[in-house]
Amino acid sequence: DALDLEDAVGSCPLPGMLAQVWTRGLTRGEPTRAPGDRVDWIKAQGRAKSMRGFKNEHGKSLLIHAPLKDLGRAGTGIELFFRTLRWLFIVLVIATCLGCVSLAANLEYNKHVNTPIVVTTIGPCCKTSPSELRAQSIPWFITFLLFLLFLYWLRYKQRQVAHSVDRRYITTGDYSVEVRNIPLLANESALYQFFEQYGRVSQVQIGFRCSGYVRLFERWKKHDVELAETRVGLALLAEQGHALDSARAATRAAKIDTLQNEMIDLESEMARLQAVELISSGAAFVIFETEAGRRACLKAHHLSAWTRFLEMIGWTTKHARFGDSVDLSVVPAPEPSDVFWENLEVGPHEVRKRSLYTLLVAMGMIGTSLVLLLLLTRSKDSQIALLKRTGATLAASTYTRGVSLVAAVVVTAVNSFLRIAINQLTVLERHDTKSDYEESYFIKLSLAYVLNQSLLILIVSPNPSTWFVEGGVYAQAFYIILANAIVPELFKVVRLDTIFKRYVMGTFVKSQAKLEELWQPPEASLGEFYAGLLKTVTLGLLYAPAMPVVWFITTSTIIIKYWSTKYALLRVCRQPPTLDEGLSEVFRELLSFVLLGSVIIEAVVLDSRLDEESRSKEHIVLPIAAGIMWLIYKIVPLQRLGCLRNYVDNRSNDTGGKVFSSLPGLARYRCPISQPVPSLATIHSNSFGTVEAAPGGVPSSLETIAVQMPSAVATPSGPMPERTPSLFGSAYEGNSGRWQITSDTSVSPAQYPQPAYELPVQPQSPPRAPPMLLAVTCPENVGPGAQLIVQGPSGQMVTVTVPSTVFPGMIFHVSV
């Protein structure tokens, strides 16, 4: 497995000396660190490469120029984003051509203006001629019509792309429904019997209250990485053998004991949470064996308001009720990778209340940015006035341009801070799916971007007569638009935080587990991508009509955004979970209000360009007509037309009648607290979940939780087994309680240590068959999506699908 030096060094802007030293060590096949070091940079890089990007049906990474339909493996949201960029590019090219007419007129009438930016604006060219002003508004009006038609086109294509992705890929969601309003003490067997009336059921998984369990598990994982790091550090001190290091060695040995005891306490607490009677969060997921069963269930529980009213007064009963009294809410289920299990216990009212709080905090931060920009503007005005009084005209002009650049830098920096803060605030809202989280994040981030980067410079300069002067609103907007075309897209490809963790912090780690943690690819946020797109279009729609050169920058930004985002998704970030078209729908709604803002700005600009004696209402006829058309768009319910309705997969049969259990690799719903407890004495991986989808299905982003065999063990007896350096920095020696790997990829059982004591286990209903774990080494020349046949615990042959985050030589785990 030769190291790809281009990926290792060429694509990452390392400091020169560090790049030379690290590359020289790798090409010699020697470590560049101290003797006795336990880390393997090549393995860390190989694992990072296996986790990033999208994989095709053969387990290979998609090429940068791969067709967009292949990106549908991550759901409708990703494919719709790139198709929206393509359609917007076509609209903006037409708008740019129309803007050339206005730009030529502006340059002709502004020959006497010496300011480079102001010369391209409407400026003073039409102060005494209403007819020329109306001619300037015609290209804008045609552009407005184009964007209005684009909104309808986007609504139509949302339905079409969602249907196309649903037909191309078979996922767990094609067979699943989400059930709400189940009793707190409901059990899975009762739900299983209830839903059998619609079709054969493959799985019922109740979402139990598990936020405390997940927090304990996250702490356990952090302790485990720290434990591996401390152990290797102690081993290095032992190899050096200096007497001066005896105190440091004693400190690290004490730290190891402390971490082990804390991890054992965490395991005991997790075992205790599993031992008590589990309480439902009110939600469950049901997987049917056929898509017909799912459709029958959705049809039976999809009732009109009139039918529900008749049921309420007791005149009719159109569907069965759970326990003859509980009216369940049944909707299409999200994909398993889209579920936040620990947040299912938070009710919708609490989520809305948290969302309101976070929105208020975000608006407070935007208000702070407004104060900073207002102070900067007042300081600029006073200083320019002082320079002009002293006759320093050239200095005043230079100072004005400098302040405009500073304002653009301040706005861009504040946007970066807002992005980080809003991300953390949205996490606190505790949405139950990744799609809902991304939609909430997108809405808040879009509001922050539009207000902070597009409207604040208008708010601090409310007088339109000052917009078209040197250092005015449009001069500042030009620099902001130019920065928006370069800075966000550059940082999207060159992740400075990731580079710092890998090549700076990575040089100081001592264990493989910590190194691989630092090398993990960053997560991709589709909500952030959509917010950046809306910001770019907003800047174009607000400022391009009066400054047509902005159309050229906006069109170029769309091209840069298309390729930078595609590169980031395929070569930099991890594959996002499966998301639906909800983000595209929210983007369309917000874009319609941006279009209204464009109408208002155009009306203000046209009205402010005429002198008092030449002013009339004729020059704003087109903006008034555009406003009326916008109202018609919002009021007339054209979305009721069949081609414009939201796509709901409750009628089609795109699975071709295939049975769920016959499709290997499709992810199932796994509540974390239903999984076995991790143990200090066992091999572990990094997160909850199951193996990912096989070819033909959309891969899930969840990995396999590596856990011990089920038992009531709270504290393993005897000394902790020694850890052998491995890809996961975990134990392969001693009684690990796992299936030990043989050279031919078969598995054989190993024994568990006897427990020091047992917790009283209360019987749960329904009784769960204890899962067994297979640890499988991925053979050479085998990639993600491949089918392996391994020997199970009783000698039976088990078919295993290699997950997309696995590369040759890595060990992954399958629960059977």
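For the structure itself, consult the block above.
This write-up is about the structure you can find in this document. (Residues numbered from 1 in each chain as written. Predicted model: local features only at pLDDT ≥ 70, side-chain atom pairs only at ≥ 80, totals over all residues. Heavy atoms only, no water.)

**Notes on the packing of helix α4 (residues 76–109) against helix α18 (residues 549–572)**
At a minimum axis separation of 7 Å, α4 and α18 run at an interaxial angle of 160°. Put simply, α4 runs roughly antiparallel to α18. Both α4 and α18 take part in a crossing whose hand is left-handed. Residues of the contact of α4 with α18, tallied by class, amount to 17 nonpolar, five polar and three charged. (Axes fitted to C-alpha atoms, helices over the stretch in contact; angles between N-to-C directions. Helix = DSSP H or I, 4+ residues; strand = E, 2+ residues; numbered from the N terminus. Parallel < 35°, antiparallel > 145°, perpendicular 65-115°, else oblique. Left-handed = near helix turned anticlockwise from the far one by under 90°. Nonpolar A, V, L, I, M, F, W, Y, C, P; charged D, E, K, R; others polar.)

**A closer look at helix α19 (residues 582–608)**
Helix length check: α19, at 27 residues, gives a terminal C-alpha distance of 40 Å against a target of 39 Å (1.5 Å per residue), a fit within 8%. Buried residues dominate α19, accounting for 19 of its 27 residues. (Expected span 1.5 Å × (residues − 1). Buried < 20%, exposed > 50% of the residue type's maximum accessible area, 1.4 Å probe, protein only.)

**Some thoughts on helix α17 (residues 526–543)**
For α17, spanning 18 residues, the distance from its first C-alpha to its last is 26 Å, which sits close to the expected 26 Å at 1.5 Å a residue. When you tally the buried positions in α17, you get 17 out of 18 residues, the bulk of the element.

**Quick look at the sheet that holds strand β2 (residues 201–208)**
Within the open sheet, the four strands sit side by side as β2-β3-β1-β4. Their pairing is antiparallel. Bordering the open sheet on either side are β2 and β4 (329–332), each of which pairs with just one other strand. Adjacent strand axes in the sheet meet at a mean angle of 25°, parallel and antiparallel pairs treated alike. Pairing analysis gives five bridges linking strand β1 (residues 176–180) to strand β3 (residues 280–288), with the strands arranged antiparallel. Counted as the bridge partner of E178 is F285 from β3. Docked against the sheet, helix α6 (residues 188–195) engages β1, β2, β3 and β4, running at close to 135° with respect to β2. The sheet strands contacting helix α9 (residues 291–301) are β1, β3 and β4, and the helix crosses β4 at an angle near 135°. (Pairing = 2+ DSSP bridges. Contact = heavy atoms within 4.5 Å.)

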